[in-house]
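For reference, the chains in residue letters:
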Protein chains: 2
Amino acid sequence: MQLQHLRYFTALARERHFARAASACGVSQPTLSAGLSALEHDLGKRLIERDRRFIGLTEEGAAILPWAEQVLGAVRGLTHASAALSVELQGEFRLAAIPAALPLVGAFGEALLAQNRGLAMSVHSQTSREIERGLAANTFDAGITYLDHEPAGNVLSVPLHEEQYLFVARRGTGFDGRTCVDWAEVAEMRLCLLHQGMQFRRILDRQFADCGLSVMPPAIADSYVSLLSLVRSGEFVTIFPAAYADLVSGLDWCLFLPFDAEPAPRRIGLVVVDRDPMGPMARAGLLAAQALQRVGKVG
Amino acid sequence: MQLQHLRYFTALARERHFARAASACGVSQPTLSAGLSALEHDLGKRLIERDRRFIGLTEEGAAILPWAEQVLGAVRGLTHASAALSVELQGEFRLAAIPAALPLVGAFGEALLAQNRGLAMSVHSQTSREIERGLAANTFDAGITYLDHEPAGNVLSVPLHEEQYLFVARRGTGFDGRTCVDWAEVAEMRLCLLHQGMQFRRILDRQFADCGLSVMPPAIADSYVSLLSLVRSGEFVTIFPAAYADLVSGLDWCLFLPFDAEPAPRRIGLVVVDRDPMGPMARAGLLAAQALQRVGKVG
DNA sequence: CGTTGTTGATAGGGATTGGCTATCATCTGG
DNA sequence: CCAGATGATAGCCAATCCCTATCAACAACG
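Everything numeric here is computed off the predicted structure, so don't read it as measured data.

Focus on the domain arrangement of chain A
Next up, step 1: Each domain of chain A was delimited in the assignment, giving domain 1 (3–73), domain 2 (89–162 + 266–295) and domain 3 (165–258).
Next up, step 2: Each of domain 1 of chain A and domain 2 of chain A has a C-alpha centre, and these two points are 29 Å apart.

Structure representation (structure tokens):
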């Protein structure tokens, strides 16, 4: 069995297209095709459903896919481990973060890249569920997400931030004199919020429910930028994580108000998978997060 | 990088000898030598300290060794996963067990092989510490060991047995009429016990300590067979796990007595590593252990 | 209904490399 | 000084990995 063939296989599973997968692997399409045939021959199983075009993976193919990712992840770990001893860490640090934590990636990236000049960080905005899967599948080296909500399958974490909420409205829409708002009145307003698949939304829903309220926001988006744009129209109000609000606090048309009753803050932090030989990327991420934690300056 | 080269590398690390490692891999010695050179060239690092003979691994070599084992373990998982779907599980189930649990491997093996006719089980007697390392390094598919003592790095376990203690003496040495013994008097006798690196010995030491006693056994061995042989001489007495005693209860010269006060029983069971895609071997082991647990017949 | 673009498989050739046997260089022990 | 052990080197062969060029089947569309 060839490692390269496993790369072809995972690429095809990802791209769902022979030519694109080949290009992603930097080889020609016939090469990828032949490599996959060889892999199927090695295992004695058809892994790919094809009907003159890519259909999907067979049952066997789906069964071995996570294993192929494990193999390749371990190979990455091996190469990094060998490279890390003599010189600095090199390559791409693949960080996934929930949208609410995006304001933290600046400080984290600063710490990480200061400690590892050879690294390049790539940030991927993902839901907490996707981060969990991506960590298990070695798609990401680390994630920044909620620490207390996860079923947490074998992860190490470093808390970075405690999330608070801020009410957001456009100036001149009746809130200018206010110093705070309460949850009950907000529930009655024209809210725009994230969609229900996203963790921050679920947390808010639970917060409203804890107050005996339920919300049916007339506008739903999948990014804070969209929410901000909706608020700017003056038609809507929304709720931001404080870290996110800080990032855009310079906007003169935008008004942020605290709530009268803050729920228990949600811890947000860095998570990496806790495998036996810890990958140098994971280690570097933990070190950077710990440095950040000591300084106390996050966001 | 070639998977085969990683096999060469782990074999060499295990055998500490080029020719033996080559033979273990089923290739000629120059082939292995060249393969290792290629691996070193790939990584750009010397991995092996050589001085006309094998000296040891370099720092880099030691760093990548656990990763190489991860890679190969994942490859095994992949192969098994692909094979397991259609037909029965094949190959070798590598079980490690502490000596005190060796009497359990019969029932476990029976259950495992009944459920998986294509499997062959190989049993390795190891200390609990070695089992822990071997599981992490993919040297074993499962272990049978104490469940409550482990620091437990990501393992799944199924309890199989609760260990009790029996006093063992040769008949005709003054114990024939007795129905039980107490810890204090045993502490005064000429005991032979396992050496202190072994878990069962440490458990006994703690048991004695809990009774305010301390023992300095005049004979120490690393196997129960040796202990039994020492007891047979009539000069010594010892303490066996009840499961072990059952196994040799047919010996007419041998006398087993319970203790008056039993400490809390120690749970012994099957452990497998809890990785994200669970290996079919681990799964098969768990299933066999669970079947055994339901039947309640272990040992 | 024919044309065109897309998608994946096949054919053939060249370069790489993994493997073998045979041999050598060096060290160890007697 | 000789014999054995250990690992590296040389030279050769076969496998295979990858490429370009091409083909076959299908879909979309005028």
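Here the narrative resumes.
Examining the protein's contact with DNA strand D
Next up, step 1: Contacts to DNA strand D come from 20 residues, most closely from S28 and T31 of chain A together with S33, R50 and F54 of chain B.
Next up, step 2: In DNA strand D, atoms within 4 Å of the protein come from the sugar-phosphate backbone in 74% of cases.
Next up, step 3: Contact distances for DNA strand D include 3.1 Å between a phosphate oxygen and a backbone N or O atom of F18 of chain B.
Next up, step 4: Residue assignment for the surface near DNA strand D shows that the elements contributing at least two residues are α1 (3–15) and α3 (29–43) of chain A together with α2 (18–25) and α3 (29–43) of chain B.

Looking at the interface of chain A and chain B
Next up, step 1: Between chain A and chain B, the contact holds 33 residues from the first and 33 residues from the second.
Next up, step 2: Carbon and sulfur atoms make up 71% of the area that chain A and chain B hide from each other, which totals about 3,100 Å².
Next up, step 3: Between the two partners, chain A and chain B, sit 3 residue pairs in polar contact (both at pLDDT 80 or more).
Next up, step 4: Contributions of two or more residues to the side of chain A that touches chain B are made by α1 and α4 (59–86) of chain A.
Next up, step 5: Looking at the side of chain A that touches chain B, the element that brings in the most residues is α4 of chain A, giving 19 residues.
Next up, step 6: Along the lines of polarity and charge, the residues of the side of chain A that touches chain B split into 19 nonpolar, 8 polar and 6 charged.

Considerations on the sheet that holds strand β3 (residues 91–97) of chain B
As a general point, the strands of a sheet are linked pairwise by backbone hydrogen bonds and lie either parallel or antiparallel.
Residues and elements named next belong to chain B.
Next up, step 1: The strand order β4-β3-β5-β12-β6 describes an open sheet built from 5 strands, whose pairing is mixed. Edge strands, defined here as strands with exactly one partner in the open sheet, are β4 (119–125) and β6 (155–163). Recorded for the sheet is a direction-independent mean angle of 20 degrees between the axes of neighbouring strands.
Next up, step 2: Here strand β5 (residues 142–146) runs beside strand β12 (residues 266–273); their pairing, made up of 4 bridges, is antiparallel. Looking at β12, one finds that T145 is bridged to G269.
Next up, step 3: Each of β3, β4, β5 and β12 is contacted by helix α5 (residues 105–115), which is oriented at about 160 degrees to β4, the strand it contacts most.

Rules and cut-offs
Residues numbered from 1 in each chain as written. Chains lettered and ligands numbered in written order. Predicted model: local features only at pLDDT ≥ 70, side-chain atom pairs only at ≥ 80, totals over all residues. Heavy atoms only, no water. Domains from an automatic or database assignment. Near = heavy atom within 4 Å. Polar contact = N/O pair within 3.5 Å; in protein donor to acceptor, adjacent residues only side chain to side chain. Helix = DSSP H or I, 4+ residues; strand = E, 2+ residues; numbered from the N terminus. Contact = heavy atoms within 4.5 Å. Buried area = accessible area lost by both parts, 1.4 Å probe. Nonpolar A, V, L, I, M, F, W, Y, C, P; charged D, E, K, R; others polar. Pairing = 2+ DSSP bridges. Axes fitted to C-alpha atoms, helices over the stretch in contact; angles between N-to-C directions.

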